[in-house]
Amino acid sequence: MLESGEIDTLIMTHEHFDHFWGFPVSTKYNPNFKVIIPEGFYEERLQYIKDSGHTGELIVAKNGLYEIEPDFATYVFAVPIICRVFWEQSLYVNVQDKGLVSITGCCHQGIIKFANTVYTELKYDNDKMYGIYGGLHISPFEDWDPKYDDLVISLG
């Protein structure tokens, strides 16, 4: 799809290795696509994008809401996480007559902050969350804590 031009934009959620280091494979098929990254990428990571052969537009989305086109936006959260990463970008798509579909990335900012941002800062059809896709990292480095049970149940 990259090679045929069906994909024209790649959105990176954050700089963690599992979200970023496969980038050269994308440029192998088409080096001239738009890339949207959250602010705060380190110089060596920006150099990695260049060294991968990327020739397309590079957009740095600032903290907060960044509208890509009507009904499609990212939101950059300021959130210190491991491995020198301080920003994470999530996607929000308004599906006409359905509501909002959210793609979290990893959701290092936490599902509470993620959902609260939806309700306080975004406009979408039916005033309803229609779907959430992505990681939630509710309890990433510890055993499951039952205090999260109600949160997970409420996501249903």
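Predicted model only: the values in this text are computed from it and were never measured. (Residues numbered from 1 in each chain as written. Predicted model: local features only at pLDDT ≥ 70, side-chain atom pairs only at ≥ 80, totals over all residues. Heavy atoms only, no water.)

Caption draft 1: A look at the overall build of the protein chain. Each helix and strand in the protein chain was counted, giving five helices and eight strands. Moving toward the C terminus, one meets the helices and strands of the protein chain in the order β-α-α-β-α-β-β-β-β-β-α-β-α. For the protein chain, the C-alpha radius of gyration of 16 Å lies close to 15 Å, the compact-globule estimate for 156 residues. By principal-axis analysis of the C-alpha atoms, the protein chain measures approximately 45 × 40 × 25 Å. Counting all 156 residues of the protein chain, 38% fall into the buried class. By sequence separation, contacts in the protein chain at least 24 residues apart represent 54% of the contacts at least 6 residues apart. Accessible area of the protein chain: about 9200 Å², with a carbon and sulfur share of 53%. Positive and negative side-chain charges in the protein chain, numbering 11 and 23 respectively, have mean positions lying 3 Å apart. (Helix = DSSP H or I, 4+ residues; strand = E, 2+ residues; numbered from the N terminus. Rg over C-alpha atoms; globule rule 2.2 N^0.38 Å. Buried < 20%, exposed > 50% of the residue type's maximum accessible area, 1.4 Å probe, protein only. Contact = heavy atoms within 4.5 Å. Areas by Shrake-Rupley, 256 points an atom, 1.4 Å probe, with all protein chains shown as cover. Lys, Arg positive; Asp, Glu negative; His and termini not counted. Charge placed at Lys NZ, Arg CZ, Asp CG, Glu CD.)

Caption draft 2: Spatial organisation of the sheet that holds strand S3 (residues 58-61). On the basis of which strands lie adjacent, the open sheet formed by three strands has the order S1-S2-S3 and parallel pairing. Both edges of this open sheet fall to strand S1 (9-11) and S3, since each of them pairs with a single strand only. Each strand of the sheet is rotated relative to its neighbour by a mean of 20°, with strand direction disregarded. Bridge count for S1 against strand S2 (residues 34-38) is three bridges, and the pairing is parallel. Across the sheet, the residue bridging to Thr-9 is Lys-34, located in S2. (Pairing = 2+ DSSP bridges. Axes fitted to C-alpha atoms, helices over the stretch in contact; angles between N-to-C directions.)

None of this, on its own, says anything about what the molecule does.
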